[in-house]
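One-letter residues, chain by chain:
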Amino acid sequence: MPATPAWPPQSTPRLFVETLIAPGSVRIEGPQAHYLMAVMRIKHGDPVKLFDGVSGEWLALAETISKRDLTLTVTEKLHERENVPDLWLCAAPLKKGRIDWLVEKACELGVDRIVPMLTRRTVVERLNLDRLRAHMIEAAEQCGRTAVPSLTEPIKLPALLRDWGDDRALFFADENGGLPALAAMKANPGRAAILIGPEGGFDDDERDMIRAHPAAIGISLGPRILRADTAAAAAVSLWMAAVGDWQ
């Protein structure tokens, strides 16, 4: 006998919606409606996966389709919301393109919160948070996440350290050297954040300020000099492998 096709099929489109999902009707409009109708060629009865970052992933079926919007009927919950490791990424903003890549990969790797951090050598101080959030949502849609990282307003480094509690380890990627990252992370499991500096690095006063904080742990990411976005992805990957949900 032929195998029963998987339902919903792997090709089913996934969408993030801002409103809390529950069984019933959901209206889709704007760019999302254009994507479903013009790109995916959704027809009556076709499945769509929905998630809202809170309640998990749901199956919906196309009900009514018009020129500018469509209505989906939510029929069942497919998955509960994922358990998100308690890891923050505190990173100095980078130029457009590289900062987009950074937040996209941070979302794919499972970061819970992204904190843009302003330093003396930060070259970009104004961020389009809406654009960055859109990049994270797109990454979550494509890689199957049921949660989207929170994104805070930019904060200056002294204010970040001033308000930082002692109950969250702050792994400081220091280009001047530190403990081997993997070993330091394994020795300090639990709530954590990774601190990545700007393209020009932290200045000496900032480095001293960070190292003086009781929660800070200086780490090394190896013998090679890494660009800031590469360092962020490498450090997050190491943490996920050491104490996160890659085990």
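To be clear, the structure that these remarks concern was listed above.
Report on the accompanying structure.

### Considerations on the packing of aromatic side chains
Given two aromatic rings, one states the distance between the centres and the angle between the planes to describe the pair. Following the criterion strictly, the structure yields three aromatic pairs and no others. Ring geometry for Phe 172 and Phe 202: centres 5.5 Å apart, planes at 70°, overall edge-to-face. Here Phe 172, found in strand 10 (residues 169–173), pairs with Phe 202, found in the loop between strand 12 (192–196) and helix 6 (204–211); they are 30 residues apart in sequence, far enough to count as distant. The exposure class assigned to Phe 202 is buried, which follows from its relative accessible area of 2%. Lying over the aromatic face of Trp 88, Arg 113 brings its terminal NZ or CZ to 4.4 Å of the ring centre.

### Examining helix 6
When we look at burial in helix 6, the residues that qualify are Glu 206, Arg 207 and Ile 210. All buried residues of helix 6 fall inside an arc of 100° around its axis, so they share one side. Facing away from the buried side of helix 6 by over 90 degrees, the exposed positions are Asp 204 and Asp 208. Elements that come into contact with the buried residues of helix 6 comprise helix 4 (157–162), strand 10, strand 12 and strand 13 (216–220). Of the residues flanking the start of helix 6, the one acting as N-cap is Asp 203, its side-chain oxygen 3.2 Å from the backbone nitrogen of Asp 205.

Parameters and conventions
Residues numbered from 1 in each chain as written. Predicted model: local features only at pLDDT ≥ 70, side-chain atom pairs only at ≥ 80, totals over all residues. Heavy atoms only, no water. Phe/Tyr/Trp six-rings, centres within 6.5 Å; stacked < 30°, edge-to-face > 60°. Helix = DSSP H or I, 4+ residues; strand = E, 2+ residues; numbered from the N terminus. Buried < 20%, exposed > 50% of the residue type's maximum accessible area, 1.4 Å probe, protein only. Lys NZ or Arg CZ within 6 Å of the ring centre and 35° of its normal. Arc of directions from axis to C-beta. Contact = heavy atoms within 4.5 Å. Polar contact = N/O pair within 3.5 Å; in protein donor to acceptor, adjacent residues only side chain to side chain.

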